[in-house]
Amino acid sequence: MKIMVSFLVVLILPTASISISSNLISKALLKDRVSESFQDNLSYLGQSLEFDMREWERIIDSLHVNHTIESIFKPDYQSDVDYYFDVKNAELVFDDWAYASNMFKYISSLVLIGSNGKIIRYGEDVGHLDVDKLIHKNWMSQLESSNGELVWLGIHENYAEFHYRNPYVISLAKRLNYGENNVVVYMSFKSQFFFDKLNTKQDSNNNLFLLDNQNRIVYNNELDNINQPYENTLNIQGKDYSVQRDKSGQEDLVAQFSLYNTGWSIVETIPLAVLTEGSSLIFKVTIIVFLISFFISGIIWFIIASKIVNPIQQLAKVMRKVQGNEGSVITLTDRRDEIGQLTQNFNYMMRRIDRMHQEHLHEQAEKNDAEYRALQAQINPHFLYNTLNSIRWMAMIQQADNIRETVEVLGRLLRNTIKMKETIIPIHKELELLRDYIYIQKIRYNNKFEVIFEMEESMKDYRCLKFILQPIAENAIFHGIEPKEGRGTITIHAFRDKDRVIFEVHDNGVGIPQNILDKLLSDHEDNDGIGVRNVHERIQRTFGLNYGLELESAIGDYTIVRIMQPVIVMQQEE
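Bear in mind that the values here come from a model prediction, so they are computed numbers and not experimental data.

Engineer: Please clarify how the overall build of the protein chain should be interpreted in this entry.
Structural biologist: Each helix and strand counted, the protein chain has 15 helices and 17 strands in total. Look at the contacts in the protein chain between residues 6 or more apart in sequence, and 63% of them connect residues 24 or more apart. Total accessible area on the protein chain stands at roughly 33,200 Å², and carbon and sulfur atoms take up 52% of it.

Take a look at the structure:
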């Protein structure tokens, strides 16, 4: 009995002291860590907003480098018809961008005003926007003092005269220089953009504010606060968060994050009691559980210690084999006590893990197969749209006989696309599809380029993965030849190199910058590399990681895309 009492006294006093002191320290640390976590979450949210705002800036920057839009502000048009067609081409450019980017659906008004008197309009509300009134708004004076930099104008009422769905917009402005002509760009997008971004990321206990450079509220869950000045005073010094007391005496944790160089900021508040609630209850429950557990453990310690320690050590030895990545680890036991149950449960767990592992492998295989089918099923409706548009303009303007040939080629191309169900097809059929596609693209681009086919005679006996040349040729035309001044040449070379069939698509276009070239085959590239990356992924999923695409380019000179796959010999005449 004395040993038991001594054991309890020696164990309970230090343990109780440690528990109480640990609770006090942990409560203070909890407040600190939760505050830092709160700021970290706000920083993450702020960085996400910075990325979105830079996307809006990139839309305006892309106007500066687009040749179709630039061409509208350079010439003096001889007739309004030419100007009309150029504006229509610019609208196609905007439609292309809208297809590639989800952000375009939020544009309220996009207006480009050139010093030559030409104007381009785009957006949901631009039809109700008076450009003469627009250029006399206060934003023009801000633009004049910006030294050519992009200006964030913040949130304001929509300048459009009819805007029942978009009462408030956020605007940007910049002056572009196209040679001797200056262009003023005004773009406004809907405040709904930030609601869609932030409304799902806000906790019910938090109050989130997005403020522009005039300290006006761009986003808050209270709609009446939108476009109103933020009246609370932020007293944040040293750290990016502080504890402040509101008018009702409640302590709030307040954090602020400044958004790079726009002058915008994001502010979030949350009652401090919400962050630390439950700590007192946890302490009480901990003490009660500790006392009960300690009392029970003290009674049973001397009785069953010898019957528990050794079996547990044996079980631990078996478990260490799991750390060694051994396959199936099972231990046999005939015990019916807790250790026996623990061993049986361990065996059950190992069997279940093994079964789940096999199921996971099966599910992963099915997932890969589904992803592969999805990649094969992808189609570029953009190409079909442009082709039909080309045919329409040929009918209206040229009244040419070659419309019949164009329709026949398009019909043949679509028919072959639907008819061929095989994944692996003869190379000569892949080239036939490509020739039909190039015929249509030559009409679209007014014979701006020529295509040379160089194929070794032995290639007719081989097969290849279906639809691997068309996306590469499309990229060569759209990104390489179209921006190039004058005609261009695309060379398609097919040959065998040992156990590989290699296709080389060479264009003498404008080339690809190295930083973009390095990312084209990356999973993290957003839009520009979709066709190239899909071909690369399809080849690797079909034939393995030793095959795929290689890219080489020199700015202003050339781009080469090499497509590599294993040699597949045709088994019968196609």
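Engineer: What exactly am I supposed to notice about the pairing of strand β10 (residues 264-271) here?
Structural biologist: Residues in a regular strand project their side chains so that they alternate between the two faces of the sheet. With eight of eight residues buried, β10 is to be regarded as a mostly interior element. Of the two faces of β10, the one lined by W264, I266, E268 and I270 and the one lined by S265, V267, T269 and P271 are each fully buried. Sheet topology note: the strand β6 (residues 207-211)/β10 ladder contains five bridges and is antiparallel. Residue pairing for β10: L210 is matched across the bridge by I266. Note that strand β9 (residues 251-259) and β10 share eight bridges and pair antiparallel. Paired with D252 across the bridge in β10 is P271. Between the end of β9 and the start of β10, which pair antiparallel, lie four residues, with G263 showing a positive phi angle near 80°.

Engineer: How do you make sense of the sheet that holds strand β2 (residues 119-122) when you look at a structure like this?
Structural biologist: Backbone hydrogen bonds are what pair the strands of a sheet, in a parallel or an antiparallel way. Overall, antiparallel pairing links the five strands, which are arranged β2-β1-β5-β4-β3 in an open sheet. Only two strands of the sheet have a single neighbouring strand rather than two, namely β2 and β3 (151-157). Each strand axis lies, on average, 15° off the axis of its neighbour in the sheet, ignoring direction. Strand direction decides the pairing type here: strand β1 (residues 107-114) and strand β5 (residues 181-190), joined by seven bridges, are antiparallel. By the bridge assignment for β5, I113 is matched with V184. On top of the sheet, helix α3 (residues 80-100) reaches β1 and β2; it is set at about 35° to β2, its chief contact.

Engineer: What's the story with the sheet that holds strand β16 (residues 548-554) in this structure? I'm lost.
Structural biologist: Reading across the sheet, the five strands line up as β12-β14-β15-β17-β16 and stay open at both edges, with mixed pairing between neighbours. Taken across any chain shown, the strands that pair with only one partner, and hence form the sheet edges, are β12 (449-455) and β16. The sheet shows a mean angle of 15° between the axes of neighbouring strands, taken without regard to direction. Where strand β15 (residues 500-507) meets strand β17 (residues 558-566), eight bridges bridge the pair, whose relative direction is antiparallel. Each residue of the ladder has a partner; that of E504, found in β17, is R562. Along the sheet, helix α12 (residues 427-444) makes contact with β12, β14 (488-497) and β15, crossing β12 at roughly 170°.

Engineer: How should I be thinking about the packing of aromatic side chains in this particular structure?
Structural biologist: Each aromatic ring pair is described using two quantities: the centre-to-centre distance and the angle formed by the ring planes. Taken as a whole and judged by the stated rule, the model has 20 aromatic pairs. Note on F94 and W97: the rings are 5.9 Å apart at their centroids and 65° apart in plane angle, and the pair reads as edge-to-face. With F94 and W97 both in helix α3 and three residues apart, this pair spans about one turn of that helix. Classification of F94 by relative accessible area gives buried; the value is 0%. Aromatic ring contacts, followed pair by pair, group W56, Y106, W152, F189, F193, F194 and W264 into a single cluster. Here R58 stacks its cationic end above the ring of F51, 5.8 Å away from the centre of that ring. Here the basic side chain of K118 rests over the ring of Y83, its NZ or CZ set 4.4 Å away from the ring centre.

Engineer: Can you help me understand the nonpolar core in this one?
Structural biologist: Proteins that are soluble and globular tend to have nonpolar side chains buried together. Ranked by internal contacts, the top residues of the largest apolar core, which has 59 residues, are W56, I69, L112, F194 and L210. Sorting elements by how many residues they give to this core places helix α1 (residues 2-64) first, with nine residues. Those residues in contact with L112, other than ones at most four positions away along the chain, are L63, I69, F73, F94, K118, I119, I120, V183, V184 and V185. Formed by 33 residues, the second largest nonpolar core is a distinct cluster that contains I477, F543, V561 and I563.

Engineer: I tried to follow helix α13 (residues 470-481) on my own but got confused; where do I start?
Structural biologist: Helical periodicity: at 3.6 residues per turn, an α-helix aligns residues three or four positions apart in one direction. α13 sits mainly inside the fold: 10 of its 12 residues count as buried. Among the residues making up α13, those that are buried are Q470, P471, I472, A473, E474, N475, A476, I477, G480 and I481.

Engineer: Help me out: how do you make sense of the pattern of salt bridges in this one?
Structural biologist: Note on pairing: side chains with opposite charge can pair once their charged atoms come close. Tallied over the entire structure, the rule returns 11 salt bridges. Between K197 and D52 there is a salt bridge whose closest N-O contact spans 3.7 Å. Residue K197 is found in helix α6 (residues 192-198), and its partner D52 is found in helix α1; the two are separated by 145 residues along the sequence. Measuring nitrogen to oxygen at the nearest pair gives 2.5 Å for the salt bridge that ties K190 to E124. Taken together, the positions of K190 in strand β5 and E124 in the loop between β2 and α4 (131-134) put the pair 66 residues apart, joining distant regions of the chain. Of the residues examined, K190 reaches a relative accessible area of 11% and is grouped as buried. Each of E504, E552 and R562 takes part in salt bridges that share partners, so that together they form one network.

Engineer: What am I meant to see in unusual backbone geometry here?
Structural biologist: Peptide bonds are mostly trans, and most non-glycine residues show a negative phi. A positive phi angle, close to 55°, is found at N147, a residue other than glycine. Locating N147 in the fold gives a position in the loop between α5 (139-144) and β3. Phi angles above zero are rare outside glycine, and N227 is one such case at about 70°. The residue N227 is located in the loop between β7 (217-219) and β8 (241-245) in this model. The exposure class of N227 is buried, given its relative accessible area of 9%.

Engineer: Help me out: how do you make sense of α12 in this one?
Structural biologist: Look at α12: 26 Å from first C-alpha to last across 18 residues, which is about the 26 Å you get at 1.5 Å a residue. Within α12 the residues assigned to the buried category are I427, E430, L431, L433, L434, D436, Y437, I438, I440 and Q441. Of the residues flanking the end of α12, it is N446, one or two places downstream, whose phi is positive at about 60°.

Calculation criteria
- Residues numbered from 1 in each chain as written.
- Predicted model: local features only at pLDDT ≥ 70, side-chain atom pairs only at ≥ 80, totals over all residues.
- Heavy atoms only, no water.
- Helix = DSSP H or I, 4+ residues; strand = E, 2+ residues; numbered from the N terminus.
- Contact = heavy atoms within 4.5 Å.
- Areas by Shrake-Rupley, 256 points an atom, 1.4 Å probe, with all protein chains shown as cover.
- Buried < 20%, exposed > 50% of the residue type's maximum accessible area, 1.4 Å probe, protein only.
- Pairing = 2+ DSSP bridges.
- Axes fitted to C-alpha atoms, helices over the stretch in contact; angles between N-to-C directions.
- Phe/Tyr/Trp six-rings, centres within 6.5 Å; stacked < 30°, edge-to-face > 60°.
- Lys NZ or Arg CZ within 6 Å of the ring centre and 35° of its normal.
- Core = buried A, V, L, I, M, F, W, Y, C linked by side-chain atoms within 4.5 Å.
- Salt bridge = Lys/Arg side-chain N within 4 Å of Asp/Glu carboxyl O.
- Expected span 1.5 Å × (residues − 1).

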